[in-house]
Amino acid sequence: MLRKETSPITEDTEELQKLIAAMQKTMHHAEGIGLAANQVGRSLALTVIDISGTKDNGDVLPLVLINPVIIGTHGESVFEEGCLSLPEIREDVIRPESIGIKFLNEDFKEVEMEADKLLARVMQHEVDHLHGKYFIDYLSPLKLSFLKGKLNKLRKGEVETDYPLAPPTASAAATSSLVERGLHPLQETSAPAAARVSIRTAVSLVTCKQPAMR
Ligand code: ZN
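What this report covers is the structure whose coordinates are included nearby. None of the values given here were measured: they were computed from a predicted structure. (Residues numbered from 1 in each chain as written. Predicted model: local features only at pLDDT ≥ 70, side-chain atom pairs only at ≥ 80, totals over all residues.)

## Let's talk about unusual backbone geometry
Step number 1: Notably, N67 is not glycine yet its phi reads approximately 50°, a positive angle.
Step number 2: Along the chain, N67 turns up in strand β3 (residues 63-74).
Step number 3: The exposure class of N67 is partly exposed, given the 19 C-beta atoms found within 10 Å.
Step number 4: You will see that E88, though not glycine, has its phi angle at about 75°, which is positive.
Step number 5: Locating E88 in the fold gives a position in the loop between β4 (77-82) and β5 (90-95). (Helix = DSSP H or I, 4+ residues; strand = E, 2+ residues; numbered from the N terminus. Buried ≥ 20, exposed ≤ 12 C-beta atoms within 10 Å, placed from the backbone.)

## Side note on the nonpolar core
Step number 1: Among the nonpolar cores identified, the biggest contains 37 residues, and M23, L35, I49, L119, V122 and M123 are the most heavily contacted of them.
Step number 2: Secondary-structure elements contributing two or more residues to this core are α1 (14-29), β1 (34-36), β2 (46-49), β3, β6 (98-104) and α2 (117-130).
Step number 3: Among the elements that line this core, the one with the most residues is α2, at 7 residues.
Step number 4: Other than its neighbours up to four places away in sequence, M123 contacts I49, I99, I101 and A115. (Core = buried A, V, L, I, M, F, W, Y, C linked by C-beta atoms within 7 Å. Contact = placed C-beta atoms within 7 Å.)

## Remarks on the pairing of β6
Step number 1: Residues I99, I101 and F103 line the buried face of β6, whereas the alternating positions S98, G100, K102 and L104 sit on a face that is not buried.
Step number 2: Bridge count for β3 against β6 is 6 bridges, and the pairing is antiparallel. In the sheet register, V69 faces β6, and the bridge partner there is K102.
Step number 3: Counting the residues that bridge the hairpin from β6 to strand β7 (residues 110-116) gives 5 residues, and of these F108 lies at a positive phi of roughly 65°. (Pairing = 2+ DSSP bridges.)

## Some thoughts on the sheet that holds β1
Step number 1: Judged by pairing direction, the sheet is antiparallel, and its 5 strands sit side by side in the order β1-β2-β3-β6-β7 without closing on themselves. Two strands in the sheet have a free side with no partner beyond their single neighbour: β1 and β7. On average, each strand axis in the sheet is tilted by 40° relative to the strand beside it, whichever way the strands run.
Step number 2: Relative to β2, β1 runs antiparallel, the two being bridged by 3 bridges. Paired with G34 across the two strands is I49, which belongs to β2. (Axes fitted to C-alpha atoms, helices over the stretch in contact; angles between N-to-C directions.)

## Things to note about the environment of I136
Step number 1: On the secondary structure map, I136 appears in the loop between α2 and α3 (141-155).
Step number 2: Its 17 C-beta neighbours within 10 Å are what place I136 among the partly exposed residues.
Step number 3: I136 sits 50 residues away from L86 along the chain, and the two C-alpha atoms are 9.1 Å apart.
Step number 4: Other than its neighbours up to four places away in sequence, I136 contacts L86, I89, E91, L144 and L147.

## Regarding α2
Step number 1: With 14 residues, α2 should cover 20 Å at 1.5 Å per step; its first-to-last C-alpha distance of 20 Å lies within 8% of that length.
Step number 2: Buried residues dominate α2, accounting for 13 of its 14 residues.
Step number 3: With its phi angle positive at about 80°, G132 sits one or two positions after the end of α2. (Expected span 1.5 Å × (residues − 1).)

## Re the environment of V60
Step number 1: Of note, V60 is situated in the loop between β2 and β3.
Step number 2: Remark: the alpha-carbon pair of V60 and D50, spanning 10 residues in sequence, is separated by 7.8 Å.
Step number 3: If we skip the residues at most four places from it in the chain, V60 touches I51, S52 and L119.

## Considering α3
Step number 1: Taking 1.5 Å of rise per residue, the 15 residues of α3 would be expected to cover 21 Å, yet its terminal C-alpha atoms sit only 18 Å apart, more than 12% below that figure.
Step number 2: At L147, α3 shows its maximal bend, which comes to roughly 55°.
Step number 3: Burial of α3 is sparse: only 0 of the 15 residues sit out of reach of the surface.
Step number 4: Positive phi appears at G157, one or two residues downstream of α3, with a value of about 75°. (Bend = angle between axes of the 7 residues up to and from the residue.)

Laid out in structure tokens, this is it:
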């Protein structure tokens, strides 16, 4: 699921609004600052972002990005990134410092904006998710070889994450813990239900969370 290109969203429906609300809830619960729909088992071009809880970003409003497209980039910066889908892994990633992006907002209105610093960073990380890409894809083969052990554990599902982890294995337990967290099981039950396990440590759930500034 997480490696697949997501599908564009073509219409605003009640179900979409429910999914957006559920994703925002999940993101806040996990203390994340961004979450993509395919991270919660829905292969749709949708991501929610909220960096308002991070230092110096209190005035940045939460965003809903439907079918986001990065239309321009500028500069370069290094930031340490983590991901809700890859707990315990944090690495420096080089990306453009600022971007132009267009998307539909939660009202299905087209928005075009520029973003820089943390917001641009999170947007790029999330848009990558929608294209089946992880931040570790930017790491050198050498760096990746150091992470091999952790990545293998993730693949085998031995690492606990704080939100539904794809690729999923459907289980009743997974569904019930989604409900416990106030996230209704997402519709289309024919789609694989997301596996979910509990939080191990505060550190392991960093994810798409505020990168440590260096
Ligand atoms: Zn991520």
